Every structure is written in C-alpha cells, then in structure tokens.
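Read off the chains here:
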Amino acid sequence: FASEYNELIWEQDFNASGTLDAAVWNFETGNNNGWGNEEKQYYTADNAIVEDGNLVITAKAESSNGFDYTSSRVTTQDKFEFKYGRVEVRAKLPEGGGTWPAIWMLGSDFNEVGWPATGEIDIMEHKGNEPNKIHGTLHYPGRSGGDADSGTTTISNASSDFHIYTLEWSPERILFVVDGEVFHTFANNSTTAFNKEFFLILNVAINLRREIYPSGN
C-alpha cells in the first residue's frame with residue numbers, strides 16, 4: 001500500500017487525561033430504537049475516558065434507562081468533517097461475544113437526506129463472536145444492510161495488540177487497509193455518495209443477535 005496523501009491536516013493523540021475535547025467530539029446518547037441494528041446498549045457520556053494517551057470506550061453489563069448494557073458513541077459531526085484523504089486509527093479492540101466496535105463515517109448531509117443516501121464508510125468493524133475478523137464496508141443506495149459492499153481480512157491479536165486501521169479515499173478509489181495490507185477496494189466515481197464531506201464515529205455496540213446469526217451488516 002502506497003498512499004497518495006501525505007500532508008497531515010488533523011490528528012487526535014488523546015494525550016491529555018480526562019474527558020474528550022468538546023470542541024471536536026460529540027457524545028450521542030440513548031438507544032434510538034437500537035440504532036437500526038438491534039443494539040442492546042444505552043449510550044452514555046460516562047463510558048468513554050481519555051487516559052495514558054488513549055481514548056478508552058468501555059461497554060458494561062449494567063442497567064441503565066431500561067437497558068442491560070451501557071457504552072459510548074462519539075462523533076465529529078459539525079466539528080470536523082472532510083472530503084478525501086487518508087485516515088489512520090491505531091486501535092485495540094474489545095473481546096467477547098456480542099461486542100461490536102466500529103470506526104466509521106457518515107456523510108455530512110446525513111440529517112437532510114438520511115441513510116443510506118448519505119453514504120456510510122465502515123473503516124473497521126469487528127464482531128466479538130468472530131475474533132480477529134476485520135470488516136471494511138460501504139453502504140449506499142442499492143448496496144446497504146445485508147447487501148452492503150464489504151470485504152474482510154483476518155489478523156492476529158486484534159484484542160490484545162494495537163493495529164493500524166486505514167482508509168484511503170479519493171475521487172477514484174476507496175481502499176480498506178490493516179497494518180499496511182489492502183483487503184478491500186472500491187472504484188469511486190462522480191456518481192457515488194462518496195464525494196462530499198464525511199464525519200467520524202467511534203463506538204462499541206452490543207448486539208447479542210449477532211452472536212448467533214452474524215449477518216455481515
């Protein structure tokens with residue numbers, strides 16, 4: 001993998017311990033009818049902390065607002081949005097059946113046009129019932145839900161070691177990369193949903209159905 005983007009325009013190193021920078025990050029709270037994925041957790045602002053140079057999102061088996069699990073979901077919507085470039089995220093993933101961490105993006109017009117018209121780029125998804133199997137996926141009109149445009153790769157020690165999850169996004173191509181190895185490609189063009197600004201999302205969901213019936217969504 002050789003990137004065509006090498007000028008750094010933004011980074012988050014999480015060096016300051018405590019809470020997330022509210023000038024960059026939003027907390028999305030609640031369950032929102034399962035967020036369209038039958039998710040079982042209630043998102044709070046209390047399950048994400050910054051410590052030792054890391055953002056740590058912890059899913060917990062605890063009761064909250066009528067749900068049996070809590071976690072956190074944070075976004076850069078309306079605060080940091082961009083069009084094209086290379087995104088690199090260094091991450092260690094949770095383990096355990098039912099966990100569903102994701103590093104992903106939605107189009108900046110999400111509130112106006114909805115999903116899947118806005119487009120969705122899943123840089124990394126990992127289902128705890130399929131340890132070490134990494135998904136890279138695009139959702140857009142005609143290819144969404146169980147018919148999404150997706151690829152997978154298997155790595156070692158996803159939950160015990162940090163790995164680099166990379167998205168290379170240009171007008172001509174979208175590449176999904178882990179530790180420098182491309183595992184899924186998409187030929188972009190001017191007619192797709194992927195030619196406008198997007199924002200970042202980081203979350204850890206709980207979806208117990210996916211323990212038994214993994215759908216690949």
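Rules behind the numbers
Residues numbered from 1 in each chain as written. Predicted model: local features only at pLDDT ≥ 70, side-chain atom pairs only at ≥ 80, totals over all residues. Heavy atoms only, no water. Helix = DSSP H or I, 4+ residues; strand = E, 2+ residues; numbered from the N terminus. Rg over C-alpha atoms; globule rule 2.2 N^0.38 Å. Buried < 20%, exposed > 50% of the residue type's maximum accessible area, 1.4 Å probe, protein only. Contact = heavy atoms within 4.5 Å. Areas by Shrake-Rupley, 256 points an atom, 1.4 Å probe, with all protein chains shown as cover. Lys, Arg positive; Asp, Glu negative; His and termini not counted. Charge placed at Lys NZ, Arg CZ, Asp CG, Glu CD. Pairing = 2+ DSSP bridges. Axes fitted to C-alpha atoms, helices over the stretch in contact; angles between N-to-C directions. Core = buried A, V, L, I, M, F, W, Y, C linked by side-chain atoms within 4.5 Å. Polar contact = N/O pair within 3.5 Å; in protein donor to acceptor, adjacent residues only side chain to side chain. pLDDT = per-residue confidence, 0-100. Phe/Tyr/Trp six-rings, centres within 6.5 Å; stacked < 30°, edge-to-face > 60°.

This part is about the overall build of the protein. Of regular secondary structure, the protein possesses two helices and 17 strands. Relative to the 2.2 N^0.38 estimate, which gives 17 Å for 217 residues, the radius of gyration of the protein is 16 Å and therefore close to what a compact globule would have. Taken across its 217 residues, the protein has 47% of its residues classed as buried. Restricting to contacts in the protein with at least 6 residues of sequence separation, those with at least 24 account for 64%. Just so you have it, the protein exposes about 10400 Å², and 45% of that area is on carbon and sulfur atoms. Here the protein contributes 15 positively and 32 negatively charged side chains, and the mean placements of these two sets differ by 4 Å.

The strands that make up a sheet are held in pairs by hydrogen bonds between backbone atoms, and each pair lies either parallel or antiparallel. Pairing is mixed in the open sheet, where three strands are placed in the order 2-6-5. Only two strands of the sheet have a single partner each, and these edge strands are strand 2 (41–43) and strand 5 (60–64). Taking the axes of each pair of neighbouring strands and ignoring which way they run, one obtains an average angle of 55° across the sheet. By the bridge criterion, three bridges tie strand 2 to strand 6 (residues 67–71) in an arrangement that is parallel. Residue pairing in the sheet places Y43 in a bridge with S71 of strand 6.

This part is about the nonpolar core. L55, M105, I121, Y165, L167, W169 and F194 are the most contacted members of the largest nonpolar core, which has 39 residues in total. The greatest single-element share of this core, amounting to four residues, is contributed by strand 17 (residues 198–206). Contact partners of W169, with chain neighbours within four places excluded, come to Y5, F82, K83, Y84, G85, M105, I121, I174, N188, F194, K196 and F198. Of all hydrophobic cores here, the second largest spans five residues; its members include A102, W104, L106 and I201.

Quick look at the sheet that holds strand 9 (residues 85–91) now. The sheet built from four strands is open, its strands ordered 9-14-15-16 with antiparallel pairing. Of all strands in the sheet, those with a lone pairing partner are strand 9 and strand 16 (181–187), marking the two edges. For this sheet, the mean angle separating the axes of adjacent strands, direction not counted, is 15°. In terms of strand pairing, strand 15 (residues 173–178) meets strand 16 through six bridges, oriented antiparallel. Bridge pairing links L175 to T185 in strand 16.

A word on the side chain of T99. Its location among the elements puts T99 in strand 10 (residues 99–107). Looking at T99, the relative accessible area reads 11%, which means it is buried. Within the local environment of T99, its side chain forms a polar contact with the backbone oxygen of G96, the two atoms lying 2.7 Å apart. Excluding residues that lie within four positions of it along the chain, T99 makes contacts with P94, H126, K127, G128, A205 and I206.

On average, the protein scores 94 in pLDDT, and the residues at 70 or more come to 96%. Note on residues 210–217: pLDDT is under 50 here. Beyond four places in sequence and across chains, it has 20 contacts.

What follows concerns the packing of aromatic side chains. All chains considered together, the criterion is met by 14 aromatic pairs. Ring geometry for F80 against F82: centres 5.4 Å apart, planes inclined by 25°, an arrangement best described as stacked. Since its relative accessible area comes to 14%, F80 is described here as buried.

Right, let's talk about the side chain of T75 for a bit. Considering the arrangement of structural elements, one finds T75 in strand 7 (residues 73–75). With a relative accessible area of 1%, T75 lands in the buried category. In this structure the side chain of T75 is engaged in a polar contact, spanning 3.2 Å, whose partner is the backbone nitrogen of Q77. What T75 contacts, discounting residues up to four positions off in sequence, is V24, W25, N26, E28, F199, L200 and I201.

Counting buried positions along strand 15 yields five of six residues, so the element is predominantly enclosed. Remark: three residues form the turn of the hairpin made by strand 14 (residues 163–169) and strand 15, two consecutive strands paired antiparallel. In textbook terms, the turn of a hairpin is the stretch between consecutive antiparallel strands, and for strand 15 and strand 16 this stretch comprises two residues, one of which, D179, has a positive phi near 50°.

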